[in-house]
Amino acid sequence: MEIREKIKAAGLKATPQRRAIYEIMREVGHCPIDDIIARIKEEHPDVTISTVYRIMDSFCETGLLNKFVNTEGKTIFDITPHEHHHIQTANNEFIDIEDKTLSALIKKRILEKLPEGEEIDNIQIQITTKAK
Ligand SMILES: [Zn+2]
């Protein structure tokens, strides 16, 4: 789907700033906000940092993006909004793992350990690697 249509389908106006940021996310896949700000400033020096934060929040709220915290405690934005798992490499890159069987197995195994009246909201496994 075209970026413009994708943003509109999420109920947002496809402003040039939103399109530029979404385009960056499509290129990089996973990215901390500092890198997005640095990239957007190259093409759109007029865009403020607070605008980037607002846009990223709106993208997450409308389900265009997902976010998670890496092993260093940094928020990473993710172009893949649905439930999936990650391998965080030694170079701090992220590889998506889409494995519904693994998620289903985890759900089954921990179901009885959940607090009463609560259900699983999201499962996200993060596997880290190191050089051999
Ligand atoms: Zn991901």
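Quick caveat, the model's predicted, so the values are computed rather than measured. (Residues numbered from 1 in each chain as written. Predicted model: local features only at pLDDT ≥ 70, side-chain atom pairs only at ≥ 80, totals over all residues.)

## Looking at the confidence of the model for the chain
Short version of the rule: Each residue carries a pLDDT score, the predictor's own confidence in it, on a scale running from 0 to 100. The helix and strand labels rest on DSSP assignments: H or I over at least four residues marks a helix, E over at least two residues marks a strand, and numbering proceeds from the N terminus.
Mean pLDDT over the chain works out to 94, with 100% of the residues at or above the 70 mark. No element of the chain has a lower mean pLDDT than helix α5 (residues 100-110), which averages 92, and none a higher one than helix α4 (residues 49-61), which averages 97.

## Quick look at unusual backbone geometry
Not every positive phi belongs to a glycine, and asparagine 92 is a case in point at roughly 65°. Here asparagine 92 lies in the loop between β4 (85-88) and β5 (94-97).

## What to know about the sheet that holds β5
We apply this condition: Pairing between two strands is assigned when DSSP locates at least 2 bridges connecting them. Here, axes are lines fitted to C-alpha atoms. For helices the fit covers the stretch in contact, and angles between N-to-C directions go from 0 to 180 degrees.
Strands sit in the order β5-β4-β6 across an open sheet of three strands; the sheet is mixed. Single-partner strands in this sheet number two, and they are β5 and β6 (126-128). Adjacent strand axes in the sheet meet at a mean angle of 25° when their direction is disregarded. One ladder, built from four bridges, connects β4 with β5; its direction is antiparallel. Within β5, the residue paired with isoleucine 87 across the bridge is isoleucine 95.

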